[in-house]
Amino acid sequence: MAEPTYVAGKVKIKGLIEAATKKNLLMSLLDDIYNQFDPSPLPAGSPVYVDCKAVRGGTDVLIELGKKIQRQNQPTCQLYTGHRGGGKSTELKRLQKDLDRKGFFTVYFSAEDEDINPEDVEYADILLACTRHLLEGLHQADSSPVLNWLSERWQALNDILKTEISLDKLSAEAQIQQFAKITASIRTQPSQRYQIRQLLNPYIETLVNALNQFIRDAKTKLPQNTTKLVVIADGLEKVTLISREGGRTNHDEIFIDRSEQLKSLDCHVIYTVPISLVLSSRASDLMEIYNCAPQVLPMIKVRTRDDQLYSPGIDKLKEIIQSRVRAVEKAKKLFLETEVFDSPKTLERLCSISGGHVRNLILLMQLAIDYNEDYLPITAPSLQQAIRQLRKTYRDTVNDNQWTLLAKVYRTKRIPHDEQHRSLLFTRCLLEYLDDQDLRNWHKVKRISSTILH
């Protein structure tokens with residue numbers, strides 16, 4: 001009678017091992033899917049990129065920004081905006097790749113990553129960041145005009161930066177690297193930031209002159225079959241909105257009052273700008289100053305103006321999710337609506353709740369996985385927990401006196417051009433959409449006061 005017990009024990013142990021192995025595989029699969037939903041901008045040519053222009057009112061950065069650069073003989077300065085996390089950086093990287101393919105030399109950088117502090121920015125910070133990245137990107141050009149400008153102020157900068165580096169003993173490449181130290185201090189050291197500005201602001205015009213000498217030389221030394229130089233300064237749309245006396249803001253000071261300095265580079269330039277500035281009473285001023293209307297990347301439309309579900313937009317968001325899930329080899333054959341999610345209704349709700357805001361979609365996906373069991377499918381209760389968490393974040397963003405403003409915009413789908421509504425645009429409590437038929441812009445409120453968020 002002992003043998004059957006022994007055999008049964010072996011069978012039981014084998015079953016436990018198989019179950020544990022299966023569970024580990026399921027956990028690993030869910031982790032792999034989770035990591036595909038990284039909120040960072042996609043690199044150009046990413047296999048998970050999904051073209052969404054058909055549900056963004058037909059907007060296309062390759063046409064709206066790219067064509068002007070291609071056709072204009074003189075340097076252009078263009079502004080690009082959209083809600084933070086809406087996909088601007090991904091689109092600009094597409095533009096960079098397209099321009100490079102067409103014979104342009106493109107210097108792209110995201111200023112917020114290494115050069116500016118979005119909480120405290122002045123126009124000089126932006127020009128210093130452009131200088132740094134042009135010097136680093138154009139190695140063959142004669143950098144001496146800019147380095148001579150730096151040398152004239154180096155001793156004073158040494159005192160501020162608390163270094164004892166002798167600039168004349170460094171190679172040109174090592175001298176260029178000092179610009180990275182200056183912009184890093186502007187970004188991370190408030191006391192040094194103020195002192196650097198006090199020292200350099202009176203000489204920004206001479207910096208621009210030196211930089212343009214460098215740019216003109218760089219144009220003669222571009223790689224073969226490269227004809228024009230383009231600078232894309234991303235990340236500036238995140239500059240925090242600060243109100244000044246008289247109804248003006250720091251955004252006005254940077255992009256309007258100092259527009260001549262920002263426009264003065266002798267090459268094509270694209271700056272991202274806060275959407276709250278573009279969708280304000282200053283819109284016509286910006287168009288006149290920069291000789292073209294700022295381009296806006298609207299949200300993916302998931303509901304119509306009368307609040308009906310918009311199927312093409314929902315389907316496009318499903319495609320975004322599907323493309324990332326299928327990037328996981330073990331998940332390629334899984335059915336999205338019944339194996340990755342517990343039902344088509346759960347998937348549709350996720351897409352609708354996101355409001356067509358790509359980063360919200362991605363963050364909700366990650367949160368839902370966090371709240372889920374360690375295996376598929378992602379369930380409706382897990383998604384609901386994710387919604388509650390994100391909803392709380394947005395509700396905490398709204399001041400008491402702003403709820404009536406949101407209620408009015410919810411009814412009218414339009415926003416007045418005033419400071420309070422600009423603030424709500426900046427914090428993404430209000431979202432901008434563009435109809436693909438009549439090309440009319442309209443606005444929608446994230447329903448952050450209820451169980452629905454879109």
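**Student:** Sorry if this is basic, but what is going on with the overall build of the protein chain here?
**Tutor:** Helix and strand content of the protein chain: 22 helices and 7 strands. With the principal axes as the frame, the protein chain shows a C-alpha extent of 95 × 60 × 45 Å. With 454 residues in all, the protein chain has 53% of them scored as buried. Sequence separation of 24 or more characterises 73% of the internal contacts of the protein chain that already satisfy a separation of 6 or more. Accessible surface for the protein chain amounts to roughly 21300 Å². Of this, 49% is attributable to carbon and sulfur atoms. Across the protein chain, the mean location of the 62 positive side-chain charges is 5 Å away from that of the 58 negative side-chain charges.

**Student:** Before we go on, may I ask you to explain the side chain of T240 in this structure?
**Tutor:** Mapped onto the elements, T240 comes out in the loop between β3 (228-234) and α12 (250-257). By relative accessible area, which is 19% here, T240 ends up buried. When residues no more than four places from it in sequence are discounted, the contact partners of T240 are P118, E119, N250, H251 and F426.

**Student:** Just to check I follow, could you spell out the packing of helix α19 (residues 358-371) against helix α20 (residues 380-397) for this structure?
**Tutor:** The angle between the axes and the distance between the axes are what describe a pair of packed helices. Orientation of α19 relative to α20, taken along the N-to-C sense of each, is 130°, at an axis distance of 8 Å. One way to sum up the angle between α19 and α20 is to call them oblique. In the packing of α19 onto α20, the handedness of the crossing is right-handed. On α20, the residues that touch N360, L364, L367, A368 and Y371 of α19 are S382, L383, Q385, A386, I387, Q389, L390 and Y394. Taken together, the residues that form the contact of α19 with α20 break down as 9 nonpolar, 4 polar and no charged.

**Student:** How do you make sense of the sheet that holds strand β1 (residues 77-82) when you look at a structure like this?
**Tutor:** Within a sheet, neighbouring strands are paired by backbone hydrogen bonds and run either parallel or antiparallel to one another. Within the open sheet, the 5 strands sit side by side as β2-β3-β4-β1-β5. Their pairing is parallel. Across the chains shown, the open sheet's two edge strands, defined by having one partner strand only, are β2 (104-110) and β5 (295-297). For this sheet, the mean inter-axis angle between neighbouring strands, taken without regard to orientation, is 20°. One ladder, built from 3 bridges, connects β1 with β5; its direction is parallel. Looking at β5, one finds that T81 is bridged to V296. Sheet strands touched by helix α6 (residues 123-137): β2, β3 and β4 (268-272). Its angle to β2, the strand with the most contacts, is close to 130°.

**Student:** Looking at this structure, how should I read the packing of aromatic side chains?
**Tutor:** The relation between two aromatic rings is expressed through the spacing of the ring centres and the mutual angle of the planes. Tallied over the full model, the rule gives 1 aromatic pair. Between Y433 and W442, the aromatic rings sit 5.0 Å apart at their centres with planes inclined by 25°, giving stacked as the arrangement. Among the residues examined, W442 registers a relative accessible area of 0% and is labelled buried. One Lys or Arg, R324, reaches over the ring of F37 and ends 5.9 Å from the middle of that ring. Directly above the ring of Y410 sits K413, whose terminal nitrogen or CZ lies 5.1 Å from the centroid.

**Student:** Which parts of the structure should I look at to understand the packing of α6 against helix α9 (residues 172-188)?
**Tutor:** Running from N to C, α6 and α9 point in directions that differ by 150°, and their axes come no closer than 9 Å. Taken together, the axes of α6 and α9 lie roughly antiparallel to each other. In this structure, α6 crosses over α9, and the sense of that crossing is left-handed. From α6, D125, L128, A129, T131, R132, L135 and E136 reach across to α9, where they touch I176, F179, A180, T183 and I186. Of the residues assigned to the contact of α6 with α9, the class counts are 7 nonpolar, 2 polar and 3 charged.

**Student:** Just to check I follow, could you spell out the nonpolar core for this structure?
**Tutor:** Note that soluble globular proteins tend to have their nonpolar side chains buried in a common cluster. Core analysis: the largest hydrophobic core is formed by 115 residues, its most contacted members being I33, L134, F214, Y271, I321, F341 and M365. Counting residues per element, this core draws most heavily on α6, which supplies 9 residues. Leaving out residues up to four positions away in the same chain, I321 has contacts with F37, L336, F341, L347, L350, C351, L361 and M365. Judged by nonpolar contacts, the second largest core, of 14 residues, contains V61, L65, L95 and L297.

**Student:** Mind showing me how you'd approach helix α22 (residues 419-426) here?
**Tutor:** An α-helical segment advances 3.6 residues per turn. Residues three or four places apart therefore align on the same side. Buried within α22 we find H421, R422, L424, L425 and F426. Check the buried side of α22 and you find it contacts α12, α14 (275-278), α21 (403-412), β6 (430-434) and β7 (441-445). Taken from the residues just after α22, R428 is the one with a positive phi, measuring 65°.

**Student:** Is there a simple way to explain the environment of A368 in this structure?
**Tutor:** For A368, the location among the structural elements is in helix α19. On a C-alpha basis, the gap between A368 and P416 in space is 36 Å, while along the polypeptide they are 48 residues apart. Excluding anything up to four places from it in sequence, A368 contacts I378, S382, L383 and A386.

**Student:** When you look at the pattern of salt bridges in this model, what are you seeing that I'm missing?
**Tutor:** Here the idea is simple: oppositely charged side chains can pair when their charged atoms come close. In the structure shown here, the tally under the stated rule is 28 salt bridges. Between R197 and D120 there is a salt bridge, and its shortest N-O distance comes to 3.1 Å. A residue pair is termed long-range when its members are at least 10 positions apart, and R197 in helix α10 (residues 190-200) and D120 in the loop between α5 (111-114) and α6 qualify at 77 residues. Residue class for R197 comes out buried when judged on its relative accessible area of 7%.

**Student:** Before we go on, may I ask you to explain the pairing of β6 in this structure?
**Tutor:** Side-chain direction in a regular strand flips from residue to residue, so the side chains alternate between the two faces of the sheet. Of all 5 residues in β6, 5 are buried, a share of seventy percent or more. Every second residue of β6 is oriented toward a common face, with L430, E432 and L434 on one face and L431 and Y433 on the other, all of them buried. Here β6 runs beside β7; their pairing, made up of 5 bridges, is antiparallel. If you follow L430 over to β7, its bridge partner there is V445.

Quick notes on the rules
Residues numbered from 1 in each chain as written. Predicted model: local features only at pLDDT ≥ 70, side-chain atom pairs only at ≥ 80, totals over all residues. Heavy atoms only, no water. Helix = DSSP H or I, 4+ residues; strand = E, 2+ residues; numbered from the N terminus. Buried < 20%, exposed > 50% of the residue type's maximum accessible area, 1.4 Å probe, protein only. Contact = heavy atoms within 4.5 Å. Areas by Shrake-Rupley, 256 points an atom, 1.4 Å probe, with all protein chains shown as cover. Lys, Arg positive; Asp, Glu negative; His and termini not counted. Charge placed at Lys NZ, Arg CZ, Asp CG, Glu CD. Axes fitted to C-alpha atoms, helices over the stretch in contact; angles between N-to-C directions. Parallel < 35°, antiparallel > 145°, perpendicular 65-115°, else oblique. Left-handed = near helix turned anticlockwise from the far one by under 90°. Nonpolar A, V, L, I, M, F, W, Y, C, P; charged D, E, K, R; others polar. Pairing = 2+ DSSP bridges. Phe/Tyr/Trp six-rings, centres within 6.5 Å; stacked < 30°, edge-to-face > 60°. Lys NZ or Arg CZ within 6 Å of the ring centre and 35° of its normal. Core = buried A, V, L, I, M, F, W, Y, C linked by side-chain atoms within 4.5 Å. Salt bridge = Lys/Arg side-chain N within 4 Å of Asp/Glu carboxyl O.

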